[in-house]
Each structure stands twice: as structure tokens, then as C-alpha cells.
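So the chains spell out like this:
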Amino acid sequence: MISMLLPFPISLAAIFGVFILLNLYMRRIMMRKTGSMTGSVFGSSDNSSLLKYYCMSCGTQHKQAACPKCGSKMKRVGS
Ligand SMILES: [Zn+2]
């Protein structure tokens, strides 16, 4: 009866091995899940196109460092 069971160190190693494999498997699933999530948020839609910059002095929407209308470098971010 007792000879049917695995010796203690081997059974412990087997349990440990299964635990590591399970951990790696779970991590791979989590990585795939978060990967698809970030892909839908950042991959498909261009983040920079969502942000619009407005001149603080005249209110012109532009993407240059300085306002093309009045030359002011002060701008605010709007959507
Ligand atoms: Zn301006």
C-alpha cells in the first residue's frame, strides 16, 4: 500500500513542478488578455490625433510648437 505512493521528495517536486507550470500558463493567459486590451486602446486608435491643442491667446487650434496666427507658444490641450 505504502509502496504505491511516491517517495516524499519526488512527490514534493512533482507538486512544485505542476504549480510552476500552472503559474506560467496563467501568466501567459493574463499576458494575452492585457496584450489585446492595450492593443484595442492604443493600437487601433492613434492617441495623438485625439488630443487637440488650442492657442491660449487667440484660441486657434493648431499642432505646431507656436501658434501660426499670433506666434504664441502658450497652448492648452482640449478634445
Ligand atoms: Zn494664437
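About the criteria used
- Residues numbered from 1 in each chain as written.
- Predicted model: local features only at pLDDT ≥ 70, side-chain atom pairs only at ≥ 80, totals over all residues.
- Heavy atoms only, no water.
- Helix = DSSP H or I, 4+ residues; strand = E, 2+ residues; numbered from the N terminus.
- Contact = heavy atoms within 4.5 Å.
- Areas by Shrake-Rupley, 256 points an atom, 1.4 Å probe, with all protein chains shown as cover.
- Donors = N, O, S within 2.8 Å, 3.2 Å for Na, K, Ca; no water.
- Tetrahedral: all angles 85-135°; square planar, octahedral: opposite > 155°, others 65-115°.
- Buried < 20%, exposed > 50% of the residue type's maximum accessible area, 1.4 Å probe, protein only.
- Patch = residues over 30% accessible without salt bridge, like charges linked within 9 Å, V, L, I, M, F, W, Y side chains within 5 Å.
- Salt bridge = Lys/Arg side-chain N within 4 Å of Asp/Glu carboxyl O.
- pLDDT = per-residue confidence, 0-100.
- Polar contact = N/O pair within 3.5 Å; in protein donor to acceptor, adjacent residues only side chain to side chain.

### Describing the overall build of the protein chain
Phase 1: Looking only at helices and strands, the protein chain features 2 helices and 2 strands.
Phase 2: Across the protein chain, helices and strands are ordered from the amino to the carboxyl terminus as α-α-β-β.
Phase 3: Sequence separation of at least 24 residues holds for 22% of the intrachain contacts in the protein chain that already meet a minimum separation of 6.
Phase 4: Surface exposure of the protein chain reaches about 7,100 Å², of which carbon and sulfur atoms provide 69%.

### A few points about the coordination of the zinc ion
Phase 1: Coordination of the zinc ion by the protein involves C55 (SG), C58 (SG), C67 (SG) and C70 (SG), with metal-donor separations of 2.3 Å.
Phase 2: Given 4 donor atoms and angles of 104 to 119° at the metal, the environment of the zinc ion is assigned as tetrahedral.
Phase 3: Written as a sequence motif, the donor arrangement for the zinc ion is C-x2-C-x8-C-x2-C.
Phase 4: For C55, a relative accessible area of 2% gives the class buried.
Phase 5: On the basis of relative accessibility, which here comes to 37%, the residue C58 falls in the partly exposed class.

### Looking at the side chain of T60
Phase 1: Mapped onto the fold, T60 is located in the loop between β1 (52-55) and β2 (75-78).
Phase 2: On the basis of relative accessibility, which here comes to 19%, the residue T60 falls in the buried class.

### Things to note about a nonpolar patch on the surface
Phase 1: Among the surface-exposed residues, F16, F19, I20, L21 and L24 lie close enough to one another that they form a single nonpolar patch of about 550 Å² accessible area.
Phase 2: You can see I20 is positioned in helix α1 (residues 8-43).

### A look at the confidence of the model for the protein chain
Reading predicted coordinates in detail is not appropriate for stretches of low pLDDT.
Phase 1: Confidence in the prediction of the protein chain, expressed as mean pLDDT, is 81, and 73% of residues score 70 or more.
Phase 2: Within the protein chain, β1 carries the highest mean pLDDT (94), whereas helix α2 (residues 47-50) carries the lowest (60).

### Describing the side chain of H62
Phase 1: When you line up the elements, H62 lands in the loop between β1 and β2.
Phase 2: Accessibility expressed as a relative area gives 4% for H62, which makes it buried.
Phase 3: There is a polar contact of 3.2 Å between the side chain of H62 and the backbone oxygen of Q64.
Phase 4: Residues contacting H62, with those up to four places away along its chain left out, are Y53, C55, C67, P68 and K75.

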